[in-house]
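Each chain, letter by letter, is given below.
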Amino acid sequence: MNSKKYGLVIISIIVFISTIKVTSLFYNNTPSITSDKLLTDSITTTINPAFDDTQSIAISKTENFTANSTTPEKQKSRLTQIIENCMSNIAVADNDDLTENDDLTDNNIAAQLDAYLTNLKLSNNTSDMLALFMLNYQASNTVNSDFIFELPSTTLHQEILFEQQLAMCSKSFNAKYCNEHLYAQANYIDKDNAYWWFLIAQIHLSQNNIPDATEAFYVAKNKANYNEYYFEKINFIEQSAEQHSSLSTNISLVHAIGVSSIFNLNYGKVVDYCKDNLDDLQLADLCLQIGIKLEHSATTLLAHSIGLTLQEINYQDHLKYDLVAETKIKQNARRDTIINNSDYRAVVLLMALDERLARTWLNAGLSKGELFAISQTINEAKVFAQDINYLPCQ
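Below, the structure is looked at part by part. Here the structure is a predicted model, which means the values were calculated and not measured.

### A few points about the overall build of the protein chain
Regarding its fold elements, the protein chain presents 20 helices and 0 strands. Per-residue burial for the protein chain yields a buried fraction of 54% across its 394 residues. Restricting to contacts in the protein chain with at least 6 residues of sequence separation, those with at least 24 account for 72%. Accessible surface, the protein chain: about 17,700 Å² in total, of which carbon and sulfur atoms supply 50%.

### Description of unusual backbone geometry
If you check the backbone angles, Tyr229 has positive phi at about 60° while not being a glycine. Its location among the elements puts Tyr229 in the loop between helix H11 (210-221) and helix H12 (230-244). Positive phi, normally seen in glycine, also occurs at Leu319, with a value near 60°.

### A closer look at the packing of aromatic side chains
On inspection of all chains with the given rule, the structure shows 12 aromatic pairs. Relative to Phe147, the ring of Phe133 lies with its centre 6.3 Å away and its plane at 15°, an arrangement referred to as stacked. Of the two residues, Phe133 is situated in helix H6 (residues 126-140) and Phe147 in helix H7 (residues 147-150); the sequence distance between them amounts to 14 residues. Judged by relative accessible area, which is 4%, Phe133 ranks as buried. Taken together, a centroid distance of 5.9 Å and an interplanar angle of 40° make the contact between Tyr195 and Trp196 tilted. Grouping residues by exposure puts Tyr195 and Trp196 together as buried.

### Notes on the state of the cysteines
Counted by the stated rule, this structure contains 2 disulfides. Sulfur-sulfur distance for the disulfide between Cys274 and Cys287 comes to 2.2 Å. The chirality of the disulfide connecting Cys274 with Cys287 is left-handed, given an S-S dihedral of about -90°. With Cys274 in helix H14 (residues 267-276) and Cys287 in helix H15 (residues 281-297), this residue pair connects regions lying 13 residues apart in the sequence.

### Let's talk about H14
Each α-helix winds once per 3.6 residues, and so residues spaced three or four apart point in a common direction. Among the residues of H14, those classed as buried are Tyr267, Gly268, Val270, Val271, Tyr273 and Cys274. Sitting at the amino-terminal end of H14 is Asn266, which places a side-chain oxygen 3.0 Å from the backbone nitrogen of Gly268.

### Topic: the pattern of salt bridges
Per the stated rule, a full pass over the model turns up 8 salt bridges. Taking the shortest distance from any N to any O, the salt bridge between Glu242 and Arg359 comes out at 3.0 Å. Here Arg359 lies in helix H19 (residues 355-368) and Glu242 lies in helix H12, a separation of 117 residues in the sequence. Take Glu242: its relative accessible area is 35%, and that puts it in the partly exposed class. Take Arg359: its relative accessible area is 26%, and that puts it in the partly exposed class. A salt bridge links Glu312 to Lys328, with the shortest nitrogen-to-oxygen separation between them at 2.8 Å. Taken together, the residues Glu312 in helix H16 (residues 301-317) and Lys328 in helix H17 (residues 321-337) connect sequence positions 16 residues apart. Judged by its relative accessible area of 36%, Lys328 is partly exposed.

### Looking at the nonpolar core
Nonpolar side chains tend toward joint burial in soluble globular proteins. In this structure, Leu166, Trp196, Phe198, Phe217, Tyr226, Ile234 and Trp361 are the most contacted members of the largest nonpolar core, which totals 97 residues. Ranked by residue count, the leading element in this core is helix H10 (residues 195-206), at 9 residues. Other than its neighbours up to four places away in sequence, Trp196 contacts Glu159, Phe162, Glu163, Leu166, Ala186, Ile189, Asp190 and Tyr229.

### Some words on the side chain of Ser252
Take Ser252: it is sitting in helix H13 (residues 249-260). On the basis of relative accessibility, which here comes to 0%, the residue Ser252 falls in the buried class. Ignoring anything within four residues of it in the chain, the contact list for Ser252 reads Glu238, Ala241, Glu242 and Leu247.

### Quick look at the side chain of Asn227
Looking at the secondary structure, you find Asn227 in the loop between H11 and H12. A polar atom in the side chain of Asn227 sits 2.9 Å from the backbone nitrogen of Tyr229. Once you skip the residues sitting within four places of it in the chain, Asn227 turns out to touch Asn193, Tyr195, Glu232 and Thr299.

### Regarding the environment of Ser170
Along the chain, Ser170 falls in helix H8 (residues 158-171). Distance in space between the C-alpha atoms of Ser170 and Leu265 is 9.1 Å, their sequence separation being 95 residues. With near-sequence residues (within four places) excluded, Ser170 lies in contact with Gln202, Ile203 and Ser206. Here the side chain of Ser170 touches Ala167 through a polar contact of 2.8 Å, landing on its backbone oxygen.

### Quick look at the packing of helix H18 (residues 342-350) against helix H20 (residues 370-385)
Contact pair H18 / H20: the axes reach a minimum separation of 10 Å and the direction vectors enclose 80°. Here H20 runs roughly perpendicular to H18, going by the angle between their axes. The residues of H20 that touch H18, namely those facing Asp343, Tyr344 and Val347, are Ile374, Thr377, Ile378, Ala381 and Lys382. Partitioned by chemical class, the residues of the contact of H18 with H20 number 5 nonpolar, 1 polar and 2 charged.

Procedures and definitions
- Every chain's residues receive numbers from 1 upward, in the order its sequence appears when written.
- The model is predicted, so local features are restricted to residues of pLDDT at least 70 and side-chain atom pairs to those at 80 or more, both for listing and for counting; the totals for chains, interfaces and linings are taken over all residues.
- Only hydrogens and water are set aside; all other atoms, that is, all heavy atoms of the structure, feed into the side-chain values.
- Under the scheme used here, helices are H or I runs from DSSP no shorter than 4 residues and strands are E runs no shorter than 2 residues, and both carry numbers assigned from the N terminus.
- Relative accessibility decides the category of a residue: with a 1.4 Å probe and only protein chains considered, values under 20% of the type maximum give buried, values over 50% give exposed, and everything between is partly exposed.
- In what follows, a contact means two residues having at least one pair of non-hydrogen atoms within 4.5 Å.
- Using a 1.4 Å probe, the Shrake-Rupley method yields the accessible areas, and only the shown protein chains count as cover for residues.
- Centres within 6.5 Å make a pair out of two Phe, Tyr or Trp rings, where for Trp the six-membered ring is used; the pair is then stacked when the planes are under 30 degrees apart, edge-to-face when over 60, and tilted otherwise.
- Working definition: a disulfide is two cysteine sulfur atoms within 2.5 Å of each other.
- Polar contacts, as counted here, are pairs of nitrogen or oxygen atoms within 3.5 Å of one another; within protein the pair requires one atom able to donate a hydrogen and one able to accept it, and residues that are adjacent in sequence qualify only if both atoms are side-chain atoms.
- A pairing counts as a salt bridge when a side-chain nitrogen of Lys or Arg comes within 4 Å of a carboxyl oxygen of Asp or Glu.
- In plain words, nonpolar cores are sets of buried Ala, Val, Leu, Ile, Met, Phe, Trp, Tyr and Cys residues tied together by side-chain atoms within 4.5 Å.
- Note on geometry: axes are lines fitted to C-alpha atoms, helical ones only across the stretch in contact, with angles between N-to-C directions running from 0 to 180 degrees.
- For classification purposes, an angle smaller than 35 degrees is called roughly parallel, one larger than 145 roughly antiparallel, one from 65 to 115 roughly perpendicular, and anything else oblique.
- Charged means Asp, Glu, Lys or Arg here, nonpolar means Ala, Val, Leu, Ile, Met, Phe, Trp, Tyr, Cys or Pro, and polar covers whatever is left, Gly included.

Here it is, written out as structure tokens:
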């Protein structure tokens, strides 16, 4: 398969599934745990070396970008025109490729991923062992749960390690590790981050310990920030892949996005907790406050959307229809900015072709979060597009 089209295929799978996750929050304000798990599992399959089952879907989605467009050519943005021309050119080039080349490309990438994992297994470096744990969990959802707790904390990646430990406690609780000694680290590792306390609340909810979960949510409410370390994990895995594999930069980045797209906090449980406590005025207000916290402090679109969802649930139950309307306006504005934005869809695909755009997205995300990253990347792409010689497909 043409390597550029291969990159578009993988990117389109991730974007398509991620868009479904965010879109579902705009149209269904009570995301279920089951549906969230299914979508997360779908994201997991995008990075597995066995791409065969997902490629045909992704190719169809990518090629239909042009086929489904009903906008007159003169009204299309420059970015949309560029990506449509790219995909048309790639499709023509791909028709000239031999089937053996398709298999060779797939096999080469699979072999490079296997070699990457082998290199990590041979390493005694703590960061490499952490990366190996994240990759193994992403690939099979089965790991040695003790392993993550036995890794020594490193100054460089202690936040990522701590997040993986808290997430493992909610998935496979072990009182030997999952106790107040572990939770107390939230007071020292990025101590103003409310996200830790959401994860700790999730652990208590998994043990049906509602009082301790409630206490954790109260702590979270008073924290200044909310960072899921989504972009930090992407950066960590991408750097690991670049150091220990021969994968191209763009494939390394796509690989890292897929690994990091497994959200370790099940927001469905948070929503269910708040719905179950609507009759308790204090807890209902707590949920409203953590919803406001997520709206204003979250660094990912998913967490931001959950924040609006929690607010709407509260306002709806308390018959505050003016505030319900305001919340829906915010949801619609976000949907129009992201989901209904043709420039956004075009730029996400262009990131697979132009490393500069991918770098801008990652660096901006590390700096100020996902929404800022999207805005900055679109703006940079528009600057590039002003040059008539901008040909990202070549």
